[in-house]
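Descriptive analysis of the structure
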Amino acid sequence: MNFEDSALYRDITDFAHDTPMWVQHLAGLWTEAGLLVFVALFATAWWRARRGTPHAFAIAALAPVATAVAYVCSEVLKSAVTEERPCRAVAGAAVSLAECPPHGDWSFPSNHATIAGAAAVALALVRRALLWVTAPLALLMAFSRVFVGVHYPHDVLAGLLMGALVAFVAVRLGRGPAARLAGAMRTSSAPAVRWFTGPGTAPVRSYGSHARR
C-alpha cells in the first residue's frame, strides 16, 4: 500500500534534527514512556469510580479493556498491510532519532497512536472533561512517532482514528453488561472482589427521617 506523504515525513524528520538536543531527548522519552501517563489515568479513573454508580464503574473498568481491543485491531491490520517503516523505505530522509524497528515490525497503522487515541476517547467517556487532557496527549504521542522517524504521518493518523472508533464502540456496547456485573460483584462474599469494585455510592439519608428519630 502506497501513500503520498513521504515528503511530509522528510520535512518533520528534518525539523526534528534542527531542534535542540534536549527536545530530541524529551521526544525520545515521551514516545516510549508516554503511554504510562494513560495507564496512570486509567488507574485514577478506576479508583474514583469505586465510589460511583455501577454504570460509572463499568465505564472506568472498560476503558483499558477497550484500549486493549483497539491495540489488537491495530496489530491485525498491521499484519495485513505489511507496510515497511519509513526509516528504511524513504530515500534521502534524515536518520531516525529512535532506533528503526526490525523488518517485520510493520508501520501501518501506528500501535502507539492507536493506543493513545483509544485511551483518550475511553477516558473521555469516563469523564468528559478529561478530553481536554487526553486529546492533546494523544496528538503529542502520535506526532512524536513521526518526529523520531519510525512512522509516516498517515500511520499515526490512521492509528488515532481507529483507536478512537474502536474504543468508543467497545465501551458503548459493553457498558450495560459491565454495569450489571459490577452491581453483582459489589454484593459478592469475596472481600477482594468487593474491594476491586468498591463500595459504590453512599446511601443518601433524608433530613426528615433523621429528625423523626
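Residue numbers run consecutively from 1 along every chain, following the written order of its sequence. pLDDT decides what is reported in this predicted model: residues at 70 or higher carry local features, side-chain atom pairs at 80 or more are listed and counted, and totals for whole chains, interfaces and linings draw on all residues regardless. To get the side-chain values, take all heavy atoms of the structure and skip hydrogens and water.

**Let's talk about the overall build of the chain**
Within the chain one finds 10 helices and 0 strands. For a compact globule of 213 residues, the expected C-alpha radius of gyration is about 17 Å, and the chain comes in at 21 Å, more than 25% above that figure. If you line up the chain on its principal axes, its C-alpha atoms span 80 × 35 × 25 Å. The buried share of the chain, reckoned over its 213 residues, is 42%. Note on contacts: a residue pair qualifies if any of its non-hydrogen atoms lie within 4.5 Å across the two residues. Here the contacts in the chain between residues at least 6 apart in sequence split such that 79% fall between residues at least 24 apart. The centroid of the 18 positive side-chain charges in the chain is displaced by 33 Å from the centroid of its 12 negative side-chain charges. Numbering goes from the N terminus for both helices and strands, where a helix is a DSSP run of H or I of at least four residues and a strand is a run of E of at least two. Radius of gyration: C-alpha atoms only; globule rule: 2.2 Å multiplied by the number of residues to the exponent 0.38. The buried label applies to any residue whose accessible area, calculated with a 1.4 Å probe on protein chains only, is under 20% of its type's maximum; exposed applies above 50%, and partly exposed to all values in between. Positive charges are assigned to Lys and Arg, negative charges to Asp and Glu, while His and the chain termini are left out of the count. Think of each charge as sitting on NZ of Lys, CZ of Arg, CG of Asp or CD of Glu.

**Brief notes about unusual backbone geometry**
Of the consecutive residues Phe-108 and Pro-109, the connecting peptide bond is found in the cis state with omega at -10°. By the element assignment, Pro-109 lies in the loop between helix H5 (86-89) and helix H6 (111-126). One non-glycine residue, Thr-82, lies in the positive phi region at around 50°. Examined against the element boundaries, Thr-82 turns out to sit in the loop between helix H4 (54-81) and H5. A relative accessible area of 37% means that Thr-82 is categorised as partly exposed.

**So, the nonpolar core**
Working definition of a nonpolar core: buried Ala, Val, Leu, Ile, Met, Phe, Trp, Tyr and Cys residues. They are joined through side-chain atoms within 4.5 Å. Membership of the largest hydrophobic core comes to 36 residues, with the highest contact counts inside it found for Leu-35, Phe-38, Ala-116 and Ala-138. Broken down by secondary-structure element, the contributors of at least two residues to this core are helix H1 (6-18), helix H3 (35-49), H4, H6, helix H7 (131-147) and helix H8 (153-185). Apart from the residues lying within four places of it in its own chain, the contact partners of Ala-138 are Phe-38, Ala-116, Gly-117, Ala-120 and Leu-160. Counting residues in hydrophobic clusters, the runner-up holds 6 residues, among them Ala-16, Ala-27, Phe-147 and Val-150.

**Overview of the side chain of Ser-74**
Relative to the elements of secondary structure, Ser-74 occurs in helix H4. Of the polar contacts made by the side chain of Ser-74, one reaches the side chain of Asn-111; its length is 2.5 Å. Side chain to side chain, Ser-74 and Thr-114 meet in a polar contact 3.4 Å long. With near-sequence residues (within four places) excluded, Ser-74 lies in contact with Pro-109, Ser-110, Asn-111, Thr-114 and Met-162. Under this definition, polar contacts are N or O atom pairs within 3.5 Å; protein pairs additionally need one hydrogen-donor-capable and one acceptor-capable atom, and for neighbouring residues in sequence, both atoms have to be side-chain atoms.

**Quick notes on the pattern of salt bridges**
For this document, the term salt bridge refers to a Lys or Arg side-chain nitrogen within 4 Å of an Asp or Glu carboxyl oxygen. Across all of its chains, the model carries 3 salt bridges by this definition. Of the charged contacts in the structure, one is a salt bridge between Arg-145 and Glu-32, with a shortest N-O distance of 3.7 Å. Linking Arg-145 in helix H7 with Glu-32 in helix H2 (residues 21-33), this pair joins segments that are 113 residues apart in sequence. Classification of Arg-145 as buried rests on a relative accessible area of 5%.

**Section: the packing of aromatic side chains**
Centre distance within 6.5 Å is the pairing criterion for rings of Phe, Tyr and Trp, where only the six-membered ring of Trp is used; planes under 30 degrees apart are then read as stacked, over 60 as edge-to-face, and the remainder as tilted. If you walk through the whole model with that rule in mind, you get 8 aromatic pairs. Ring plane angle 65° and centroid distance 5.6 Å describe the contact between Trp-46 and Trp-195, whose orientation is recorded as edge-to-face. In this pair, Trp-46 sits in helix H3 while Trp-195 sits in helix H9 (residues 191-197), placing the two residues 149 residues apart along the sequence. Between Phe-143 and Phe-147, the ring centres sit 5.9 Å apart and the planes meet at 45°, which makes this aromatic pair tilted. With Phe-143 and Phe-147 both in helix H7, this residue pair falls 4 residues apart, about one helical turn. Overall, Phe-147 belongs to the buried group, its relative accessible area being 5%. Among the aromatic side chains, those forming a connected cluster through ring pairs are Trp-46, Trp-47, Phe-57, Trp-195 and Phe-196.

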